[in-house]
Amino acid sequence: MNVAVLGAGSWGTALAATLVKNACRVTIWARDPHLAEQMNVQHENPRYLAGAQLPTELSATTELEHALSGADVVIFAVPSASMRDVVERSQAHIVGHPILCHAVKGFDPKSYSTMTDLILEYHADAAKRVCVIAGPSHAEEVVTGLPTTIVAAAYSRLTAETVQDLFMNRVLRVYTNPDVKGAELGGALKNIIALGVGIADGLGFGDNAKAALMTRGLTEIARLGLKLGASVLTFAGLSGVGDLIVTCTSRHSRNYQTGKLLGQGKSLDEALKVVGMAVEGVNTTRIAVALADTHAIEMPIAQALYAVLFDGKPPRTAVEDLMTRARIHEIEEVASEQISASWD
Ligand SMILES: NC(=O)C1=CN([C@@H]2O[C@H](COP(=O)(O)OP(=O)(O)OC[C@H]3O[C@@H](n4cnc5c(N)ncnc54)[C@H](O)[C@@H]3O)[C@@H](O)[C@H]2O)C=CC1
Ligand SMILES: O=C(CO)COP(=O)(O)O
């Protein structure tokens, strides 16, 4: 298989390295010529994956046309805020009918679309060829071959299984799922909660607060997810609770790290500068709160985080306000027909 990976940050690089090890011919597109040269000559990506040795067969280029030429599979791996730009610029160079897969956890800041919907805006005939990979998978662990599981979600079973076969190896186990929306929303929305858990740790709160945020956070994710057409069972899977757990507890998580710095008293700008890589949860909080307003859904944790990130509310006050909300019932009703998605 010929694969083009668009985006040479930590995730694009780890995925590209995995696919080379799986015997694919992989070209990774980097926008920075210096980074492309480091990947081609030293077989390293020191800016985004310091210390990782990349396969010598991995080829990097700054030419989109070159990366996409003859690709059977295209993998988009840039931050969600850059996705429209990259989808637009790559459109003319995507010829034939390759699988269009993305590994991005966020929304389009302009339209609030999910990433597959954004891809389909530019490739209207590609519904059977789009796929998302999601799940608990920090690049730093994937690139060193630590055991990891992910999900390939697609509208077409054949596409999902092709992507499953592409990535699957002895250390990377891939499951398929027909619920594209659920996989995308689980992956994007958990970043809000990871920011919140980081804040709680930064404030010196304990494990009880962490568990509460993760559990009630999952309720919020499912509430919005159902409204947007996801299936509730997906949130109990790898791209839901699985990714929520890893992002809220891993030292590798950039969202968690950012939250922790905020809890320790840093401003948002200072925290983002220290982390220095994509922190998707910031934009996603803004978009999720807007979507919750549109759909008249309660997302108190996301709303509290919004106040901290964008209105200057002190994190400690935000937590006090969350704890003193009016009393409510824990479990809500879910329409049974929405419980799981399936292929024909
Ligand atoms: N890092 C990880 O462990 C994982 C990341 N993801 C997701 O993957 C997506 C990409 O994130 P990372 O690779 O982690 O970010 P990163 O911050 O490590 O790297 C981002 C890369 O995208 C490039 N980029 C940004 N805008 C661009 C544009 N307009 N044109 C070309 N290149 C552009 C940057 O130059 C950089 O190489 C995010 O949605 C993230 O949530 C998903 C799973 C794991
Ligand atoms: O989604 C991820 C792991 O599954 C990466 O999370 P961060 O972007 O917070 O590092």
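Residues numbered from 1 in each chain as written. Chains lettered and ligands numbered in written order. Predicted model: local features only at pLDDT ≥ 70, side-chain atom pairs only at ≥ 80, totals over all residues.

Taking an unreviewed UniProt entry as the reference, the chain is identified by name as Glycerol-3-phosphate dehydrogenase [NAD(P)+] belonging to Alicyclobacillus mengziensis. Within the UniProt record for the chain, the comment given under Pathway (unreviewed entry) is "Membrane lipid metabolism; glycerophospholipid metabolism." Entered under Sequence similarities (unreviewed entry) in the UniProt record, the comment concerning the chain runs "Belongs to the NAD-dependent glycerol-3-phosphate dehydrogenase family." (UniProt positions renumbered as here; feature names shortened; annotations may be inferred.)

Colleague: Looking at this structure, how should I read the overall build of the chain?
Modeller: When helices and strands are counted, the chain shows 15 helices and 8 strands. With the C-alpha coordinates aligned to their principal axes, the bounding extent of the chain is approximately 60 × 45 × 35 Å. Every one of the 344 residues in the chain was classed for burial, and the buried ones make up 51%. (Helix = DSSP H or I, 4+ residues; strand = E, 2+ residues; numbered from the N terminus. Buried ≥ 20, exposed ≤ 12 C-beta atoms within 10 Å, placed from the backbone.)

Colleague: How do you make sense of the sheet that holds strand β4 (residues 73-76) when you look at a structure like this?
Modeller: Strand pairing in a sheet takes place through backbone hydrogen bonds and is either antiparallel or parallel in direction. Judged by pairing direction, the sheet is mixed, and its 8 strands sit side by side in the order β3-β2-β1-β4-β5-β6-β7-β8 without closing on themselves. The open sheet has two edge strands with one neighbour each: β3 (59-61) and β8 (172-177). Direction aside, the axes of adjacent strands within the sheet are offset by 25° on average. Bridge analysis of strand β2 (residues 25-29) against β3 gives 3 bridges, and the strand direction is parallel. From the neighbouring strand, Trp-29 faces β3, where its bridge partner is Thr-61. (Pairing = 2+ DSSP bridges. Axes fitted to C-alpha atoms, helices over the stretch in contact; angles between N-to-C directions.)

Colleague: Can you help me understand the nonpolar core in this one?
Modeller: Note that soluble globular proteins tend to have their nonpolar side chains buried in a common cluster. Val-5, Leu-6, Ile-75 and Cys-131 are the most contacted members of the largest nonpolar core, which totals 64 residues. By residue number, the principal contributor to this core is helix α1 (residues 10-21), which donates 6 residues. (Core = buried A, V, L, I, M, F, W, Y, C linked by C-beta atoms within 7 Å.)

Colleague: Hey, could you run me through the UniProt feature "domain: Glycerol-3-phosphate dehydrogenase NAD-dependent C-terminal" (unreviewed entry) in the chain in this one?
Modeller: According to UniProt, the "domain: Glycerol-3-phosphate dehydrogenase NAD-dependent C-terminal" (unreviewed entry) feature falls on residues 179-320. Here residues 179-320 is 74% helix and 0% strand, with 36 Å between the C-alpha atoms at its ends.

Colleague: Sorry if this is basic, but what is going on with the site of ligand 2 here?
Modeller: As a matter of local geometry, ligand 2 sits amid 14 residues, with Ser-137, Thr-247, Ser-253, Arg-254 and Asn-255 nearest to it. Only α8 (180-202), α10 (238-249) and α11 (254-263) provide two or more residues apiece to the shell around ligand 2. For the shell around ligand 2, the element with the most residues is α10, which contributes 3 residues. Partitioned by chemical class, the residues of the shell around ligand 2 number 3 nonpolar, 7 polar and 4 charged. When we break the shell around ligand 2 down by domain, the ones giving at least three residues each are domain 1 (2-178) and domain 2 (181-334). (Near = placed C-beta within 6 Å. Nonpolar A, V, L, I, M, F, W, Y, C, P; charged D, E, K, R; others polar. Domains from an automatic or database assignment.)

Colleague: What should I look at first to understand the packing of helix α4 (residues 80-91) against helix α5 (residues 115-122) in this one?
Modeller: Relative placement of two packed helices is described by the angle separating their axes and the distance separating the axes. Running from N to C, α4 and α5 point in directions that differ by 25°, and their axes come no closer than 10 Å. Between α4 and α5, the crossing angle belongs to the class labelled roughly parallel. The hand of the α4/α5 crossing is right-handed. Between α4 and α5, the residues in contact are Ser-80, Met-83, Arg-84, Val-87, Glu-88 and Gln-91 and Met-115, Leu-118, Ile-119 and Tyr-122, respectively. Of the residues belonging to the contact of α4 with α5, the class tally is 6 nonpolar, 2 polar and 2 charged. (Parallel < 35°, antiparallel > 145°, perpendicular 65-115°, else oblique. Left-handed = near helix turned anticlockwise from the far one by under 90°. Contact = placed C-beta atoms within 7 Å.)

Colleague: Explain the domain arrangement of the chain to me, please; I cannot follow it from the model alone.
Modeller: By a widely used convention, the size of an interface equals the accessible area lost when the partners come together. For the chain, the domain assignment lists domain 1 (2-178) and domain 2 (181-334). Computed from C-alpha coordinates alone, the two centres of domain 1 and domain 2 are separated by 26 Å. Opposite the 26 residues of domain 1 that make contact, domain 2 presents 25 residues. When contributions to the side of domain 1 that touches domain 2 are tallied by element, the ones reaching two or more residues are α4, α5, β6 (130-134), β7 (148-154) and β8. No other element matches the 4 residues that β7 contributes to the side of domain 1 that touches domain 2. Class assignment for the residues of the side of domain 1 that touches domain 2 results in 14 nonpolar, 10 polar and 2 charged.

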